[in-house]
Amino acid sequence: MKMKKNNYIIIAGCSRFGANIASILSSKDYEVVIIDIDKSNFRKISRDYSGFKIEGNATDVEVLVEAGIKKADTLVCATNNDNTNIMISEIGKEIFNVENVVSRLYDTEKEIVYKDFDINIIYPTKLTINEFEKLLGKMKTQYIEDRKVI
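Once a new chain begins, its residue numbering starts again from 1 and follows that chain's sequence as written. The predicted nature of this model means local features are confined to residues of pLDDT at least 70 and side-chain atom pairs, given and counted, to a pLDDT of 80 or more, with totals for whole chains, interfaces and linings taken over all residues. Think of the side-chain values as coming from all heavy atoms in the structure, minus any hydrogens and water.

Caption draft 1: The arrangement of the packing of aromatic side chains in detail. Two aromatic rings, drawn from Phe, Tyr or Trp (for Trp, its six-membered ring), form a pair once their centres lie within 6.5 Å of each other, and the interplanar angle then sorts them: stacked below 30 degrees, edge-to-face above 60, tilted otherwise. Scanning all chains against the criterion turns up zero aromatic pairs. Above the face of the Y123 ring, K126 is positioned so that its terminal group lies 4.3 Å from the ring centre. A positively charged side chain is recorded as over a ring if its NZ (Lys) or CZ (Arg) lies within 6 Å of the ring centre. The angle to the ring normal must also be within 35 degrees.

As structure tokens, then:
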């Protein structure tokens, strides 16, 4: 039986998103490991980051094992490639039974791939559109209020 350690998080991809998540979680005393295929991407991580960095391909099972996936309770797939994130998510969930898997997905048409998996998805495009609609609503409200003053 595998022993899972609470607050052990692996982040696959040191994109801006991955680096920021790693830095935030590290500052909150989570045990964090970030993996990236290009070590120059680690420059994005804050100087206060206290976790580990592994240069390697997170689709490689050996790299995930080196990162400690057998004890991870959370896996964040934060590469800039949807297909890579899908693959890492499925490896984490199906092979290693990681309890919490979060994956970034740009192309909403690919969400069907996640249908039978218990994987949480973050949609940057949908989040951006939602924020734009909020701003548009505020601008419209401000315009109406400004017109009433006249």
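Caption draft 2: Representation of the environment of K70 in the model. Here a strand is any run of E in DSSP of at least two residues, a helix any run of H or I of at least four, and the numbering for each starts at the N terminus. Residue position: K70 is located in the loop between α2 (61-67) and β4 (74-77). Note on exposure labels: buried denotes an accessible area under 20% of the residue type's maximum, exposed denotes more than 50%, and partly exposed covers the range between, all computed with a 1.4 Å probe on protein chains only. The class for K70 is partly exposed, based on a relative accessible area of 46%. For the pair formed by K70 and F96, sequence separation is 26 residues and the distance between their alpha carbons is 6.2 Å.

Caption draft 3: Highlighting unusual backbone geometry. At D29, a residue that is not glycine, the phi angle is positive and equals roughly 70°. The residue D29 is located in the loop between α1 (16-27) and β2 (31-36) in this model. Judged by relative accessible area, D29 falls into the exposed class, the value being 71%. Backbone geometry at N97 places phi at a positive 50°, although glycine is not the residue there. With respect to the element layout, N97 can be found in the loop between α3 (82-95) and β5 (100-104).

Don't take any of this as a statement about function, it's just geometry.
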